[in-house]
Amino acid sequence: MSGVVQDKVIRGRLGIGVSTRSAFLVCHAHLDPVWLWEWEEGLGAALATFRSAADLCERSEGFVFNQNEALLYEWVEEYEPALFDRIRKLVKAGRWQIMGGWYLQPDCNLPSGESMCRQIERGQAYFQEKFGVRPTTAINFDSFGHSRGLVQILTKHGYDSYLICRPDNTFCPLPKNVFEWEGFDGSRVVVRRIPELYNSPLGKAKEYIEKRLAGSGDEIECVLWGVGNHGGGPSRKDLADLGATEGTLGAWSWQHTTPEDYFAVLAGQKAPLAVVTHDLNRWAVGCYTSQVRIKQGHRALENELFRAEKMAAAAAVNGFVDYPANALRDAERDLLISEFHDILPGSSIQAAEEAALRLLGHGREIVARVAARSFFSLLSGQPLANEGTYPVFVFNPHPYEWEAEIDVEFQMENQNWNGTFFDVAITDMRTGTPVPSQVEKEASNMPLDWRKHVVFRGCLAASAISRFDLRLRELPKKPAPAFSGDDNIFKVATGTLEVAICRRSGRMLSLKDHGREYLGPEGCGLEVVRDVADSWVGKLTTLGTVEGRFAALAEAEAGSFAGVVGPDGTGKLGAVRVVEDGPVRTVVEALCGWQNSRAQILYSIPKTGSAVGVEIRMLWNEKDRAAKWSTNLRTPVIDFRGQTLFGVHDLPTDGDECAFQQWCGGFGGDRHGVLLINNGTYGGDCLGNSIRLTLQRSPAYSAHAWEDLRYIPTDRFVPRMDQGERIFQFWMIPGDRESLLLSADRLALERNQLPYSLQAFPSGNGVLPLPSLVLDNSKVLLSSLRRDPADKGWIFRLFNPTGQTQSAVVSCLNHKVGSFALAPYAFENGSLCDEAQKAIL
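Q: How would you sum up unusual backbone geometry? Please name residues and give values.
A: A cis amide bond links Arg166 to the next residue, Pro167, at an omega of -10 degrees. Within the element layout of this structure, Pro167 appears in the loop between strand 5 (161-164) and strand 6 (178-182). Phi is positive for Phe646, close to 45 degrees, though the residue is something other than glycine. Within the element layout of this structure, Phe646 appears in the loop between strand 32 (639-644) and strand 33 (647-650). Relative accessible area serves as the criterion here: at 6%, Phe646 is assigned to the buried category. Unlike most non-glycine residues, Asn814 shows phi in positive territory, near 70 degrees.

Next up, the structure:
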C-alpha cells in the first residue's frame, strides 16, 4: 500500500478528514517501577493504574489506552490474574494497545548492544505469547538520551518508527522534531520527538492538549497524555472533558489512537524528512557516572551472564549437561531490570540503589553457579594430574585463539614453615612449552608461605578449555622487586614500553612505546573537580573546574593509610614503591590523598605488549565533588571516539561530559593517541590535550534543581552518593589511531569478558570436549551464544566492530556451519538446529 493510500485509509478509519489538521491523542500512564520509591510501591501503582484504565476502556467505547513495558504486565499477571484476563480481552477488542513491545524503558546509552537486543526480544516474546501482538513503533519516553546504535537494533527487530521525548533542542538541536534517523550500518527509522514530554496534569488533560496543539506548527500532531511517573493514566474527568471517541479542538480534529496510527499517516506525507546521523544526547550527563556500584555491577553481570551462556552452551552441545535455560533466563531478567532508566543511570533514592545491588548480586550468583557446573563438566575428561603438579584450567569465551594474562590462586599441599619461598614454573600442556609467570601477594594475610597467587601469560584455545600445569620450586627467599631510576622517578622499561612514575606526586609522567612519547608534561593522575548536588546535573552539560589533584602522601600519612604499625604503634612508608616484579609485569603502588579522601593506585606495566593497567582503590569522602582520571597527551586531541551500542561514535572535544561503554580513545593531529579501556566507567570528557574518565560523583540522592528552587535541605544531614571505598580499573594503550580503532572492541571485550580460570584436579573419567563455536576471523566478535528461548536449537549473534567489511566462517564442534559477510558495524544472527548438532556429534 502506498503512503498516500495508507494515509487516507487510516484517516478514514479514525474519522479524520484528509484536509484537516489531525491530532493523534495517545493516552498512556508513564510508570517508573522504581525511582523516588521502591519496587513494591511501583507494583501497587501498576495494579491500581491498570485497574483504573481497564475500567475506563470497558465503560468508554472508542477510547484506546496504550501501555508499554512487559515487566508491568508480568506484575499484573502474577499479582492480579483476574485483571490480566480483562486486559487480554480489551487488547483483543482493540481498546487496549500494547505499546512499544520492550521489556521496560531502559537507559539507551549505557547497556551493551547485546543487552538492548535482549530488552526487545524478551518483551516481544512475552507480548506475542500473552497477547498475540507485535508493535512496530518503539517508544522510550523517559530515557535520558539515545545512542545511534539503536537504529540498527530497531530495524532488525521489526520496528520502522521510534517515539521519544528527550533530549530537547537545548541539549540536542535538530532540524525538526520528525526526522529519519540513520544508524551506523546505514539503516533508518522515522523518529518523532515530543520535547513537551509525556504527562498531563490530573483533571486538566483537555487544557494541556489545547495548549500543545496551539503551539504546533505541524499539520499532523501526536500528543501524549495521561497522569504519569507514578502511574495514573486517564481520569474520569479528563475523559469526560475530551469525549470518549473523537472531536475537534479549534482547527484540529482529534481521535484516541495509537503510535502506529500516527506514524502510518505520517508515512503518507510527500515532503522528505531530514536525516540525522548522530546520537541524540546530552541531557542528564551526571547520570553517566552516578551510583558507580550499580554501573560496575551491571557491567559485571552483563559479561558474566554472556560468558556463562557460552560455557553452558559448550557443555551442552558436547552432550555433557543439559542447558540451564531457566536459571539463565532468571539472571537475564535481573540484568534487564537493572537497566531501567532510573536504576542504571543512578537517579533513584538510596533504598532503590540498595535493592538494585541485591538484584545484581542475585543475577551474578545464578551465573556463577551455572559457570561452575559447566566448567567442571568440560574438564572432566582431562587426564589426572601428575604427582607434584597443580593443573590450572582456563576457559576462553572468545571464538579465537589469543594470549591472555591470567590470575589464579591455589593452595599448596603443605604449609611452608622453613623460611624459604616456593616459586612456580608453568607449562602450556598443548605445546609442552614453559610460559612466563610470577608469584604475587595473595588475597589472604597468613604469616607463612602456603597460599599462592600466580600471574602468567598463556595462549588460549578458541571457545575451549586450555590446561597449564604448575610445579613448585623452592628458593631461599622471595625475590625482591627490581627497578631503575632515581630518588624522584621510577622508570620501568619492558620490551618496547617505557613508563616513568613520579615518587613525589604518584603521577605517571611518561608513557613511551617504540620510542614515541604519548604523554604531555602533566602526565596522568587523579583530579578533583567541583560538582553539584543534582543527581542529573540539571541544565549543565559539564562538571565544574579543577579544585585540586591527588598527591603522594608523606611517609607518616602513607603509613597510617596503609595500616603499617611499628614497635611504637606508628609506622612510616614510602608513598610510591615497586610492590611486584617478574617476567609478566611490574606493579608500582602509589598512596595518594586530597583533603578528606585517599587512594591506592596500582600501575601494572606489562613485560609483553603495551596495555598499562591502572587500578584505583578510592576512599572517597567528598560532597558535591567528582573524581576524574586525567590523561594529558603530548598533542591536542582532535579526534575523540567511544564505544556505543554496536558502534563507535564521535565524542565532543569541548569539555562536555559524554557517555561511552567499554572504551574511549583520543588522537592528535599526528594520528597517534591513547585508548582507555574500562570495566565499569561510562563517562568522561575531553578538552585540549586531556582525556578525563569521570570515576565517581557525590551528589545527593534523587536531587534535582527544578525551576531553580532550593533542593538540598539546610536543616539536617543529607546522604551523598558513593561515599567510602570504591575500586576502579582501566587500561591505557598507546598507539596509532588506525590500529587502535580496528582492535578497540576486541581488546575491550577481552578485558571485560574475562577467561574463566581455576586450579582443579580432574577425575580423568570423562571425554575431552570439542570447541563449541569458532570463527576464522578475530576481527569479528561473538556477541552471544545460547539456547534459543523457544528451545528450537542454538542461536548466536556476530558483530563487526570495525569500519571495514568483514567475513567469517563459523565452525561448531570442528564442523563448518555457515559463512557470514558483515558490513561495517553490522551485527547478524545465526542458528544451529538440534538436528545439525546431533549429526555432527
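Q: I'd love a proper account of the sheet that holds strand 42 (residues 781-787), names of residues and values included.
A: A sheet is described by the order of its strands in space; here 3 strands give the open sequence 42-43-46, paired in antiparallel fashion. Among the strands making up the open sheet, the edge pair consists of strand 42 and strand 46 (827-832). The average angle at which neighbouring strand axes cross in this sheet is 20 degrees, direction not considered. In this structure, strand 42 lies alongside strand 43 (residues 794-799), joined through 6 bridges in antiparallel fashion. Within strand 43, the residue paired with Ser784 across the bridge is Arg797.

Q: Could you give an account of the nonpolar core, naming the residues involved and the relevant values?
A: If you look at the biggest cluster of nonpolar residues, it comprises 107 residues, and the most contacted ones within it are Tyr73, Ile87, Trp96, Phe131, Ile209, Trp225 and Leu798. Per-element accounting of this core gives the leading share, 12 residues, to helix 10 (residues 292-317). Setting aside chain neighbours within four positions, we find Tyr73 in contact with Phe50, Gln67, Asn68, Phe84, Ile87, Trp96, Gln97, Ile98, Tyr126, Phe127 and Phe131. Ranked by size, the runner-up nonpolar core spans 52 residues in total, among them Val499, Leu519, Trp594 and Leu695.

Q: Give a detailed account of helix 10, specifying residues and quantitative values.
A: For an α-helix, 3.6 residues make a turn, and residues three or four places apart therefore share a direction. The first and last C-alpha atoms of helix 10 sit 37 Å apart over 26 residues, in line with the 38 Å expected at 1.5 Å per residue. With 24 of its 26 residues buried, helix 10 lies for the most part within the structure. The first or second residue beyond helix 10 is Gly319, which carries a positive phi of 80 degrees.

Q: Which residues make up the pairing of strand 38 (residues 690-697), and what values go with them?
A: The buried count for strand 38 comes to 8 of 8 residues, which makes it a mostly enclosed element. Here strand 31 (residues 625-633) pairs with strand 38 via 7 bridges, running antiparallel. By the bridge assignment, Ala626 is partnered in strand 38 with Arg697. Examined bridge by bridge, strand 37 (residues 683-687) and strand 38 share 4 bridges and lie antiparallel to one another. Its bridge partner being in strand 38, Gly684 is matched across the sheet by Leu693. Here strand 37 folds back onto strand 38, and the loop between the two strands holds 2 residues, one of which, Gly688, carries a positive phi near 65 degrees.

Q: I'd like a description of the pairing of strand 6, backed by residues and values.
A: With 4 of its 5 residues buried, strand 6 lies for the most part within the structure. Relative to strand 11 (residues 275-276), strand 6 runs parallel, the two sharing 2 bridges. The residue bridging Trp181 from the neighbouring strand is Val276, located in strand 11.

Q: Give a detailed account of the pattern of salt bridges, specifying residues and quantitative values.
A: Tallied over the full model, the rule gives 65 salt bridges. Salt-bridge contacts for Glu182 lead to Arg188; the nearest nitrogen and oxygen are separated by 2.9 Å. Judged by its relative accessible area of 39%, Arg188 falls in the partly exposed class. The shortest N-O distance in the salt bridge between Asp722 and Arg726 comes to 3.0 Å.

Q: Give a description of the packing of aromatic side chains that names residues and reports values.
A: Note on aromatic pairs: each is described by the distance of the centres and the angle between the planes. Inspection of the entire model under this criterion finds 27 aromatic pairs. Judged by centre distance (6.0 Å) and plane angle (55 degrees), the ring pair of Phe184 and Tyr825 falls under tilted. Of the two residues, Phe184 is situated in the loop between strand 6 and strand 7 (188-193) and Tyr825 in the loop between strand 45 (815-822) and strand 46; the sequence distance between them amounts to 641 residues. Relative accessible area serves as the criterion here: at 16%, Phe184 is assigned to the buried category. Between Tyr323 and Trp794 the ring centres are 5.3 Å apart and the planes differ by 85 degrees, which places this aromatic pair in the edge-to-face class. Within this pair, whereas Tyr323 is found in the loop between helix 10 and helix 11 (325-338), its partner Trp794 is found in strand 43, the two being separated by 471 residues in sequence. Tyr323 gets classed as buried once you look at its relative accessible area, which sits at 16%. Accessibility expressed as a relative area gives 4% for Trp794, which makes it buried.

Analysis parameters
Residues numbered from 1 in each chain as written. Predicted model: local features only at pLDDT ≥ 70, side-chain atom pairs only at ≥ 80, totals over all residues. Heavy atoms only, no water. Helix = DSSP H or I, 4+ residues; strand = E, 2+ residues; numbered from the N terminus. Buried < 20%, exposed > 50% of the residue type's maximum accessible area, 1.4 Å probe, protein only. Pairing = 2+ DSSP bridges. Axes fitted to C-alpha atoms, helices over the stretch in contact; angles between N-to-C directions. Core = buried A, V, L, I, M, F, W, Y, C linked by side-chain atoms within 4.5 Å. Contact = heavy atoms within 4.5 Å. Expected span 1.5 Å × (residues − 1). Salt bridge = Lys/Arg side-chain N within 4 Å of Asp/Glu carboxyl O. Phe/Tyr/Trp six-rings, centres within 6.5 Å; stacked < 30°, edge-to-face > 60°.

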